[in-house]
Amino acid sequence: MIKKFDKKDEESGSGSNPFQHLEKSAVLQEARIFNETPINPRRCLHILTKIIYLLNQGEHFGTTEATEAFFAMTRLFQSNDQTLRRMCYLTIKEMANISEDVIIVTSSLTKDMTGKEDVYRGPAIRALCRITDTTMLQAIERYMKQAIVDKVPSVSSSALVSSLHMVKMSYDVVKRWVNEAQEAASSDNVMVQYHALGLLYHLRKNDRLAVTKMLNKFTKSGLKSPFAHCMLIRIASKLLDETEGGHDSPLFDFIESCLRNKNEMVVYEAASAIVHMPNCTARELAPAVSVLQLFCSSPKAALRYAAVRTLNKVAMKHPSAVTACNLDLENLITDSNRSIATLAITTLLKTGSESSVDRLMKQISSFVSEISDEFKVVVVQAISALCQKYPRKHSVMMNFLSNMLRDDGGFDYKRAIVDCIISIIEENPESKETGLAHLCEFIEDCEHTVLATKILHLLGKEGPRTPQPSKYIRFIFNRVVLESEAVRAAAVSALAKFGAQNDDLLPSVLVLMQRCMMDSDDEVRDRATFYNNVLQQKQKALNAAYIFNGLSVSIPGLEKSLHQYTLDPSEKPFDIKSVPLATTPLTEHKTEMTPISSSKMPDKLTPSRQDIYQEQLAAIPEFQGLGPLFKSSEQVQLTEAETEYVVRSVKHTFARHMVFQFDCTNTLNDQLLQKVMVQMEPSESYEVIHYTPAANLAYSQPGSCYTLVRLPEDDPTAVSCTFSCTMKYLVRDCDPNTGEPDDDGYDDEYVLEDLEVTVADHIQKVLKPNFGAAWEEVGDEFEKEETFALASVRTLDEAVGNIISFLGMQPCERSDKVPENKNSHVLFLAGGFGGGHDVLVRARLALADGVTMQVTVRSSDETVVDIILASVG
Amino acid sequence: MDSPILEPSLYTVKAVLILDNDGDRLYAKYYDDTYPTAKEQKAFEKNIFNKTHRTDSEIALLEGLTVVYKSNIDLFFYVIGSSHENELMLMAVLNCLFDSLSQMLRKNVERRALLENMEGLFLAVDEIVDGGVILESDPQQVVHRVALRGDDVPLTEQTVTQVLQSAKEQIKWSLLR
């Protein structure tokens, strides 16, 4: 150990890191000895090691100093010391992106790569390919081809892997090496086989036929390398996935045969591939599952982990397939590797019966504090799924969740728990009070503003309706005293809701409000003042409008309208009714938990679909005087899917007009359509006033044309209408290859399916968080009631679905979910009609032979009530 | 569950790390942009160390990545791959790295010996993984290719098997030439 001696002076004490206090400048200074003759290999080697160590520690090298060191290093190629040379290659690779003019070493590397020393050749190829660009690649192409088929495995592997890295950069050059790669694939060396297969696949992956041929060849010849086998399995399963055919192809047989391979890596890869196949039958799964079951008792932790993780995935789709492994999974619960234990338990939770839940929950709580946050989230998700499956177990779960909530954990973990508790509260009314109590306790000591405001909002919504609302006041007011501005503001809003709904609490809430009015933050003060004044009026209608059910306008729409208003000052006050209503997001009642990955996405306010349409329509001059866009419908197909022209329509409703947008696609590559428009023949007294044609419709490039229709003014009840539609256009035949059209064309037309306008097109969904209050607010001035018999409907669920989709209104208070085993139900719907009138519908449903429905409609306008009732009848 | 069919690819390894028993980086090589800056890398290493240094289990899921690891005396070895990756492949890389170093350091795998042979470590990792692709998984081959000067090792310190091994190697090479 000679090296040890010449290093001794640098070591201050035994066991310390000789590289610990390296100074970049000092090392670069030392690098000067590279220029000394004769070269001292040992010292130079040590300095190179230091440079690489520094780079490895993340030290930043400037371009100039890196280039200087790099050029000095090139001198070391004169030495024939093996290790020194190898370290030079490493330095080249590490500095390839930092230093300038690295290509000057090309010739040295080319010499080493083709030289006699096998130890140099592989690393030299890899270093060379690292610094080569597309133009230079041509020059070394000949050497690369030779190296790929070289009989020394390390040379061949290096050349193949380097080629693979360069596919991204210069696909066209590397593509020419396919024959050499093919030859290398039949090498005896296992790694060369693997690398050749990988390169071949990357070069051919866009050519299905070639990939199939390659697979056939290699599955028959039987590769020795386990890595190559895994690669083959992946290629085969991808191909199977794309063909969408049945699983009785030779590819599936190949994957299945790999379950009997000698190497565990291959067996596991095959099992995992089968498990991940979409629509796999239980019979096809069985052999894979039994292999995984064997792995569960392996002494290797990685294998047990892999097996139980894969079984966990199977359990999501086919819990019954995994029940056979329950015993093995039970054994894994006590595994020393906590990840394995957690996965085993969550799998058991999916496959187990209701009776085993208590025992499993006890098991988890014994070690939940030892596992990482990722797995805690997995556990919470499993519990959340379990709660939906066995709602009766909610008390056990709630207890467990509240314990977890008290433990340490990151934001994602806490959020998952809170979401889970909230969903339990919503699903099980009986768990509401305990759940709220746990959440109250949680916000007492919660560092996450987002969660605290979310819980305060929930308390405001649910708290006043519990038997003992007063006990929540203390928790909420504590927030006003102790927390940051955002939380204080949310707490004030929640307090106001208690005051508005509980008359006996009102005096105390008013006192608290007055204290909040002295808050140091503007927003908190503003809210408190506002609510204080509203509450003092003691009017139900005001409370409902301003405390329970907040603004229902779309935020980007409001921003735009306000901007317009400031640009164009007028005496008129700003009219909030001119702002488009918010479209309720479709994901409102999503019960599934969001996966972990999506939590990293920025919570940016994206403009809704409707806001995008509004923008597009505003750009067309004819549509500028129509006022704000009230509602855009879903897309309606007006043609079959596989026809010459594909036309879809979107209905845009304005105050007095409707605009029909037709998105047309021309699927004929020998035609160019021009002046495309859709002629519409209304059945009622609707009037077509303008067509905006699409100028050009080239092959497979979608275009839009519009038709403007005026709603009948004299008869506001005429809300539904059927339009027969014909697409008219000028055809110009064209060359399918060049797209060059003929000089003249001819007129033609194409009959589309009829388009219907229904009452739903005039109603915007509005979510009223507190339906009861909104119901009182509108009052019974224009209330009408009627009873209908829905003879064709068999279940309450179906009836509820039909009513919602027919009226296009927003179900409130989760009344769209019919509890099981009930034969009566009340559905609450809310919406906004045309000229800014709120419409509320209460439908009492009773299941007898068919479904009997008693509909009560309230609105601030009588005609609206009539329209709704007339359309239901 | 999102279970995308794996895009068949040779890019298997996302990172190779060696930390000491204080969690400080002795060696780290990241092969893709999962952690692009030095700061993020350090934070990741800290997290990984906190989660693993007390347990002697060999696999974990961290920040959505599969981590296989192994510790010996005062060293912690980590190989990191995507959570969809075949865990056994990552394990093969880890075992190869450890066994190669064990041979090169004559079973003396600890911090001090490793620091005295940093160039050996650099070269070994370079032979095992290239840009995320597994280049070699047989420790014998790796040690042979790193080819640290044999004369560094006095004959007396070599074990009998090592002598036999090197003799076998020599004979093989003379035959191949």
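Calculation notes
Residues numbered from 1 in each chain as written. Chains lettered and ligands numbered in written order. Predicted model: local features only at pLDDT ≥ 70, side-chain atom pairs only at ≥ 80, totals over all residues. Heavy atoms only, no water. UniProt positions renumbered as here; feature names shortened; annotations may be inferred. Helix = DSSP H or I, 4+ residues; strand = E, 2+ residues; numbered from the N terminus. Buried < 20%, exposed > 50% of the residue type's maximum accessible area, 1.4 Å probe, protein only. Contact = heavy atoms within 4.5 Å. Areas by Shrake-Rupley, 256 points an atom, 1.4 Å probe, with all protein chains shown as cover. Expected span 1.5 Å × (residues − 1). Polar contact = N/O pair within 3.5 Å; in protein donor to acceptor, adjacent residues only side chain to side chain. Pairing = 2+ DSSP bridges. Axes fitted to C-alpha atoms, helices over the stretch in contact; angles between N-to-C directions. Buried area = accessible area lost by both parts, 1.4 Å probe. Salt bridge = Lys/Arg side-chain N within 4 Å of Asp/Glu carboxyl O. Core = buried A, V, L, I, M, F, W, Y, C linked by side-chain atoms within 4.5 Å. pLDDT = per-residue confidence, 0-100. Parallel < 35°, antiparallel > 145°, perpendicular 65-115°, else oblique. Left-handed = near helix turned anticlockwise from the far one by under 90°. Nonpolar A, V, L, I, M, F, W, Y, C, P; charged D, E, K, R; others polar.

The name given to chain B in an unreviewed UniProt entry is Coatomer subunit zeta, and the organism recorded there is Pagothenia borchgrevinki. Reading the Sequence similarities (unreviewed entry) entry of the UniProt record for chain B gives the comment "Belongs to the adaptor complexes small subunit family." Recorded in UniProt for chain B, the comment headed Subunit (unreviewed entry) runs: "Oligomeric complex that consists of at least the alpha, beta, beta', gamma, delta, epsilon and zeta subunits."

As named in an unreviewed UniProt entry, chain A is Coatomer subunit gamma, taken from Pagothenia borchgrevinki. In UniProt, chain A has this text filed under Sequence similarities (unreviewed entry): "Belongs to the COPG family."

## Observations concerning the overall build of chain A
Across its full length, chain A holds 37 helices and 17 strands. In chain A, buried positions account for 52% of the 873 residues. Long-range pairs, those at least 24 residues apart, make up 64% of the contacts in chain A with a sequence separation of at least 6. In the form shown here, chain A has an accessible surface area of approximately 40,800 Å², with 50% of it arising from carbon and sulfur atoms.

## Considerations on helix H31 (residues 522-537) of chain A
Residues and elements named next belong to chain A. In a regular helix each residue adds 1.5 Å, so 16 residues correspond to 22 Å; H31 covers 23 Å between its end C-alpha atoms and thus fits that length. For H31, the complete set of buried residues consists of Val524, Ala528, Tyr531, Asn532, Val534 and Leu535. The N-cap residue of H31 is aspartate 521: its side-chain oxygen and the backbone nitrogen of glutamate 523 are 3.1 Å apart.

## What about the sheet that holds strand E1 (residues 13-20) of chain B?
Across a sheet, paired strands are connected by hydrogen bonds in the backbone, their directions being either parallel or antiparallel. Residue and element names in this part refer to chain B. Read across the sheet, 5 strands follow the order E2-E1-E5-E4-E3 without closing on themselves; strand pairing throughout is antiparallel. Lying at the two open borders of the sheet, with one neighbouring strand each, are strand E2 (25-30) and strand E3 (59-62). Averaged over all pairs of adjacent strands, the angle between their axes in this sheet comes to 20°, without regard to strand direction. Of the strand pairs in this sheet, strand E4 (residues 65-72) and strand E5 (residues 75-82) are connected by 8 bridges, and their pairing is antiparallel. The residue bridging leucine 65 from the neighbouring strand is serine 82, located in E5.

## A short note on the interface of chain A and chain B
Opposite the 72 residues of chain A that make contact, chain B presents 61 residues. In total, chain A and chain B occlude about 6,300 Å² of area from one another, counting both sides; carbon and sulfur atoms represent 56% of this. The tally of links from chain A across to chain B stands at 9 salt bridges. One salt bridge in this structure joins Arg126(A) and Asp130(B), with 3.9 Å as the shortest N-O distance. Scanning the region where chain A abuts chain B turns up 24 residue pairs in polar contact (both at pLDDT 80 or more).

## Considerations on the pattern of salt bridges
Side chains carrying opposite charge are able to pair once their charged atoms draw close together. Summed over all chains, the structure comprises 38 salt bridges over all chains. Between Glu127(B) and Arg126(A) there is a salt bridge, with the nearest N and O atoms lying 3.2 Å from each other. Placement of Glu127(B) in helix H4 (residues 118-128) and of Arg126(A) in helix H7 (residues 118-131) is noted, with the two residues assigned to different chains. Taken as a pair, Glu127(B) and Arg126(A) share a single burial class, namely buried. Where Arg304(A) meets Asp335(A), a salt bridge forms, and the shortest distance between an N and an O atom there is 2.8 Å. Linking Arg304(A) in helix H18 (residues 301-317) with Asp335(A) in the loop between helix H20 (326-332) and helix H21 (338-351), this pair joins segments that are 31 residues apart in sequence.

## Comments concerning the pairing of E5(B)
All names here are of chain B. Extensive coverage of E5 is indicated by the burial of 7 of its 8 residues. In this sheet, E5 lies alongside E1 in antiparallel orientation, the contact comprising 7 bridges. Note that in E5 the partner of alanine 15 across the bridge is isoleucine 80. With antiparallel pairing between neighbouring strands as the criterion, E4 and E5 make up a hairpin whose turn holds 2 residues, including isoleucine 73 at a positive phi of roughly 50°.

## Regarding the nonpolar core
One recurring pattern in soluble globular proteins is that nonpolar side chains are buried together. If you look at the biggest cluster of nonpolar residues, it comprises 252 residues, and the most contacted ones within it are Phe34(A), Leu109(A) and Ile255(A). Once you skip the residues sitting within four places of it in the chain, Ile255(A) turns out to touch Ile233(A), Ala236(A), Ser237(A), Leu240(A), Ala270(A), Ala273(A), Ile274(A) and Met277(A).

## Considering the environment of Tyr531(A)
All names here are of chain A. Looking at where tyrosine 531 falls in the secondary structure, it is placed in helix H31. The class for tyrosine 531 is buried, based on a relative accessible area of 11%. Between the C-alpha atoms of tyrosine 531 and glycine 499, which are 32 residues apart in sequence, the distance is 9.3 Å. Once residues within four sequence positions are removed from consideration, tyrosine 531 is found in contact with Val492, Ser493, Ala496, Met513, Tyr546 and Ile547.

## Description of unusual backbone geometry
In this model, Asp101(A) sits at a positive phi of 55°, which is unusual for a non-glycine residue. Within the secondary structure, Asp101(A) sits in the loop between helix H5 (82-95) and helix H6 (106-113). Of note, the phi angle at Glu63(B) is positive, near 50°, even though the residue is not glycine. Following the sequence through the fold, Glu63(B) ends up in the loop between E3 and E4.

## Examining the confidence of the model for chain B
Close reading of the predicted structure is inappropriate where its pLDDT is low. On average, chain B scores 83 in pLDDT, and the residues at 70 or more come to 84%. Among the prediction metrics, the complex's ipTM stands at 0.83, with pTM recorded as 0.64.

## Re the packing of H18(A) against H21(A)
Axes are the key here: two packed helices are described by the angle between their axes and the distance separating the axes. Residues and elements named next belong to chain A. Between H18 and H21, whose axes approach to 9 Å, the crossing angle comes to 25°. In this view, H18 runs roughly parallel relative to H21, as classed from their interaxial angle. Read as a crossing pair, H18 and H21 show a hand that is left-handed. Counting all contacts with H18, which are made through Ala301, Arg304, Tyr305, Val308, Arg309, Leu311, Asn312, Ala315 and Met316, the residues of H21 involved are Ser339, Ile340, Leu343, Ala344, Thr346, Thr347, Lys350 and Thr351. For the contact of H18 with H21, the residue count by class is 9 nonpolar, 5 polar and 3 charged.

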